[in-house]
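# Chains, contacts and geometry: an overview
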Amino acid sequence: MGARAGTPRHAGGFLNVIIVGGGIGGFTLALCLHRTGIGCRIYESAPEFQPLGVGINVLPHASRELARLGLEAALTHVAVLTREAAFFNRYGQLIYREPLGREAGYADPQYSIHRGELQRVLVDAAIERLGAECVHAGWKCVGVDQDDGGATAHFVDSATGVARPAQRADVVVACDGLHSVVRKSLHPAEGAQRYSGVNMWRGTTRWPAILTGASMIRAGWLATGKMVIYPIRDAIDGEGRQLVNWVAELETPRHDERDWSRRGRLDDFIGAFADWHFDWLDVPAFLRAADAILEFPMVDQDPLPWWSDRRITLLGDAAHPMYPRGSNGAGQAILDARCLADALGADADPIRALAAYEAKRLPFTAEVVRMNRSNPPDAILREVYERTGDRPFERIEDVISAADLAAMSERYKRVAGADRASLAAAAEREARMNETHHNDAQRGSQ
Ligand SMILES: Cc1cc2nc3c(=O)[nH]c(=O)nc-3n(C[C@H](O)[C@H](O)[C@H](O)COP(=O)(O)OP(=O)(O)OC[C@H]3O[C@@H](n4cnc5c(N)ncnc54)[C@H](O)[C@@H]3O)c2cc1C
C-alpha cells in the first residue's frame with residue numbers, strides 16, 4: 001500500500017479502533033478514546049509490559065492532558081516534579097537558570113519520570129477502565145490493509161512467530177514507535193533513519209540530591225561532551241537518595257541502529273568527562289556509580305508528507321521520530337492522542353476524522369522535528385560554546401545577556417506548543433467548549 005486511495009464514507013454505528021503498539025502514545029490514545037466513548041483494543045508486541053527505558057520528561061502541555069485523564073495523583077506518586085532548568089559549560093560555570101513546571105507559573109507540572117513508570121500508570125488505568133480483555137501483549141503487527149467497510153491488522157505471536165487471528169475495526173492507529181511496521185508499509189520508499197552525528201549513553205545513578213533536587217541540568221557541548229542530568233524518583237532509600245537519570249552525548253561517527261535495550265560501556269565515553277569535578281557534582285564519580293548503561297544513536301527522520309491512508313493512520317514516534325533534545329518525544333505523542341480522539345469524537349466519518357487529525361498535527365510536529373535539529377533548548381549551550389571559544393568566562397553577562405538566553409528558551413517552547421500563553425489559550429478554549437456542552441445538555445434535559 002504505497003499511496004492514498006479514495007475516501008469512502010463510514011456507514012455509521014459505534015466506532016471501534018485497533019491500536020498497534022502499547023507504548024506511551026498507544027495507551028494515552030486508548031484512555032482518550034475511552035473518555036470520548038469510543039471502543040478500542042491495544043495490541044503490543046512485547047510479551048509483557050516491563051518497565052523498560054530510563055528517564056523521560058513530560059512538559060506541562062502534555063501533563064495537562066494526563067491530568068485530564070485523571071492520572072495526576074498516580075504520576076505525582078512516582079515522578080519528580082521538576083522545578084528548574086540549569087545550564088552550565090564544561091567547567092561547571094552556570095550559564096542560565098529558569099523555573100520549570102508549576103514553579104514557572106504553569107497550571108500543570110513538569111514530570112521527570114522513569115519511562116517504565118509512566119507506561120505502568122497508563123497500562124493500569126487502561127486495564128481498569130477498558131477491561132483486561134482489551135489489552136493484548138505478545139501480538140506483533142506484521143501488516144495492515146483496508147477496504148470500504150473497515151481496516152484490518154495482521155499479527156503473529158511475538159514469541160513463536162505463529163500467525164494470530166487478524167483483527168478488524170473501523171480504524172487502525174499505528175503507535176508502534178520508531179521502527180514502525182505500519183509506517184514502512186504506508187511509505188515503503190522512505191529512506192533510512194537520519195543519524196545526527198551524536199551518539200548517546202544513558203543510565204541511572206542512585207545519588208544524593210543535586211542542586212535543588214528537582215533540577216534539569218544540561219552541561220557542556222556535543223563537540224567535547226554534553227551531559228543531561230535530572231532526578232526521576234525521590235527518596236529511594238533510607239539515606240534519602242534519588243534515582244538520577246543521565247545522558248552523555250558525544251559527536252562521533254561511531255553508532256549502531258537505535259535499539260532501546262542496547263547495553264553501553266562506560267569506557268566508550270567517560271574520557272570526555274574525566275575532568276568534570278564541579279563543586280555541585282563530581283561527574284566521573286557519579287557516572288562510575290551508575291546502575292546500568294544503555295547506548296543509542298540520536299536519530300530522527302524527515303517529516304512525512306502524509307500519515308493517514310483512509311482508515312489507517314500513524315501516531316507518536318511512528319509518525320514523527322524526533323531527536324530527544326527538547327523533552328518532546330512522549331509529549332507530542334500524548335498531544336497526538338488527544339487530538340485524534342477529539343477528531344474521531346467530532347466526526348462520525350472516521351476517514352474524515354483521520355484526515356482532520358493529520359491536518360492539525362502533521363505540520364505542527366514537523367516543525368518540532370526541525371526545531372530539534374536546529375534550535376532545541378540546548379542551543380543555549382552551543383551559543384556559549386561558540387562565543388567563548390570553549391573557554392571559561394569571567395562573567396556570563398559579558399558573553400550573552402540573560403534576555404537573549406530567555407528568548408532562545410521561549411522560542412523553542414512556542415514551537416512545541418509548551419509556552420504559557422499557548423497553554424492558557426488552550427485552557428480557555430476548552431473551558432468555553434465545556435460551558436457550551438453543559439448549556440446544551442441543560443437545554444436538552446429541560
Ligand atoms: C523499550 C523502550 C524504551 C524507551 N526508553 C526511552 C528512554 O529511556 N528515554 C526516552 O526519552 N524515550 C524512550 N523511549 C521512547 C519513548 O517512549 C517515545 O519516544 C515516546 O514516548 C513516544 O511514544 P510512542 O508511543 O510513539 O512510542 P513508544 O513509547 O516507543 O511505543 C511504541 C510501542 O510499540 C510497540 N511495538 C513496536 N513494534 C510493534 C509491532 N510491530 N506490533 C505491536 N507493537 C509494536 C513497542 O514495543 C512499544 O511498546 C523508549 C521506547 C521503548 C519502546
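The subject of this paragraph is the overall build of the protein chain. If you tally the helices and strands in the protein chain, you get 11 helices and 18 strands. Taking 2.2 N^0.38 as the reference for a compact globule, 446 residues should give roughly 22 Å; the C-alpha atoms of the protein chain span a radius of gyration of 22 Å, in line with that estimate. In terms of overall dimensions, the protein chain has a C-alpha envelope of 70 × 55 × 45 Å along the principal axes. Per-residue burial for the protein chain yields a buried fraction of 55% across its 446 residues. Once local pairs closer than 6 in sequence are excluded, the contacts in the protein chain between residues at least 24 apart make up 74%. Summed over all atoms, the accessible surface of the protein chain reaches about 18600 Å², with 51% contributed by carbon and sulfur. Averaging the coordinates of the 51 positive side-chain charges in the protein chain and doing the same for the 58 negative ones gives two points 2 Å apart.

Turning to the packing of aromatic side chains, a few remarks are in order. Across all of its chains, the model carries 13 aromatic pairs by this definition. Plain terms: the ring middles of F87 and Y96 are 6.0 Å apart, the flat faces sit at 35 degrees to each other, and that makes the pair tilted. Side by side, F87 and Y96 carry an identical accessibility label, which is buried. Taken together, F88, F273, W276, F278 and W280 form an aromatic cluster joined through their ring pairs.

Let us now look at the site of the ligand. Inspection of the region around the ligand gives 30 residues, with G25, E44, V54, R115 and D317 positioned closest. Side-chain polar atom of E44 to an oxygen atom of the ligand: 2.6 Å apart, as the coordinates give it. Between the ligand and R202, the relevant distance is 3.4 Å, taken from a nitrogen atom to a side-chain nitrogen or oxygen of the residue. Look at the ligand: alone it shows 910 Å² of surface, and the protein chains cover 88% of it. Elements with a minimum of two residues in the shell around the ligand: α1 (24–36), β2 (39–44), β3 (55–58), β9 (139–147) and α7 (329–346). Class assignment for the residues of the shell around the ligand results in 13 nonpolar, 11 polar and 6 charged.

We now examine the sheet that holds strand β10 (residues 150–157). With antiparallel pairing, the 3 strands of this open sheet are ordered in space as β9-β10-β11. Where the open sheet ends on each side, the last strands, each with one partner, are β9 and β11 (167–169). Pairs of neighbouring strands in the sheet enclose a mean axial angle of 25 degrees, with direction left out of account. Bridging between β10 and β11 involves 3 bridges; their strand directions are antiparallel.

To continue, consider the sheet that holds β3. Here 3 strands make up an open sheet; going across it, the order is β3-β7-β4 and the pairing antiparallel. At either end of the open sheet lies a strand with only one pairing partner, and these are β3 and β4 (80–81). Summarising the sheet, β3 and strand β7 (residues 111–114) pair through 4 bridges and their orientation is antiparallel. Across the sheet, I56 pairs through a bridge with I113, a residue of β7. The sheet contacts of helix α4 (residues 115–130) involve β3 and β7, and relative to β7 the element is tilted by about 90 degrees.

The next point concerns the pattern of salt bridges. Evaluated as defined, the whole model comprises 29 salt bridges. Measuring nitrogen to oxygen at the nearest pair gives 2.7 Å for the salt bridge that ties E72 to R102. With a gap of 30 residues between them, E72 in helix α3 (residues 72–78) and R102 in the loop between β6 (94–99) and β7 connect regions that are remote in the sequence. Looking at R102, the relative accessible area reads 40%, which means it is partly exposed.

Taking 1.5 Å as the rise per residue, α1 with 13 residues should run 18 Å; its terminal C-alpha atoms sit 18 Å apart, in good agreement. Of all the 13 residues making up α1, 10 are buried; the element is thus mostly covered by neighbouring parts of the structure. Looking only at α1, the buried set comprises I24, G25, G26, F27, T28, L29, A30, L31, C32 and L33. Remark: G37 follows α1 within two positions and exhibits a positive phi of approximately 85 degrees.

Scoring rules and cut-offs
Numbering of residues starts from 1 in every chain and runs along the sequence as written. Under the rules for a predicted model, residues below a pLDDT of 70 receive no local features and side-chain atom pairs below 80 are neither given nor counted, while totals for whole chains, interfaces and linings still include all residues. Excluding hydrogens and water, the side-chain figures rest on all heavy atoms present in the structure. In this text, helices come from DSSP runs of H or I with a minimum length of four residues, and strands from runs of E with a minimum of two, each type numbered from the N-terminal end. Atoms counted for the radius of gyration: C-alpha only. Globule rule: 2.2 Å times the number of residues to the power 0.38. Only protein chains enter the calculation, and the probe is 1.4 Å; a residue is then buried if its accessible area is under 20% of its type maximum, exposed if over 50%, and partly exposed in between. Contact between two residues is taken to exist if any of their heavy atoms lie within 4.5 Å; hydrogens are not considered. Surface accessibility in these figures is a Shrake-Rupley result with a 1.4 Å probe; residues are shielded only by whichever protein chains are displayed. Charge convention: Lys and Arg are scored as positive, Asp and Glu as negative, and His as well as the terminal groups of each chain are ignored. Charge positions come from single atoms, namely NZ of Lys, CZ of Arg, CG of Asp or CD of Glu. Pairing of aromatic side chains here covers Phe, Tyr and the six-membered ring of Trp, requires ring centres within 6.5 Å, and sorts the geometry by plane angle: under 30 degrees stacked, over 60 edge-to-face, intermediate tilted. Put simply, a residue is near a molecule or strand once any heavy atom of it comes within 4 Å of that molecule or strand. Any N or O atom pair separated by 3.5 Å or less is treated as a polar contact, with the protein-specific requirement of one donor-capable and one acceptor-capable atom, and with residues adjacent in sequence counted only for side-chain atom pairs. Nonpolar residues are Ala, Val, Leu, Ile, Met, Phe, Trp, Tyr, Cys and Pro. Charged residues are Asp, Glu, Lys and Arg, and all others, Gly as well, are polar. In short, DSSP must find at least two bridges between two strands for them to pair. Between N-to-C directions, angles cover 0 to 180 degrees, with each direction set by a line fitted to C-alpha atoms, over the stretch in contact for helices. In the sections that follow, a salt bridge refers to a side-chain nitrogen of Lys or Arg positioned within 4 Å of a carboxyl oxygen of Asp or Glu. What a helix should span is 1.5 Å times the count of its residues minus one.

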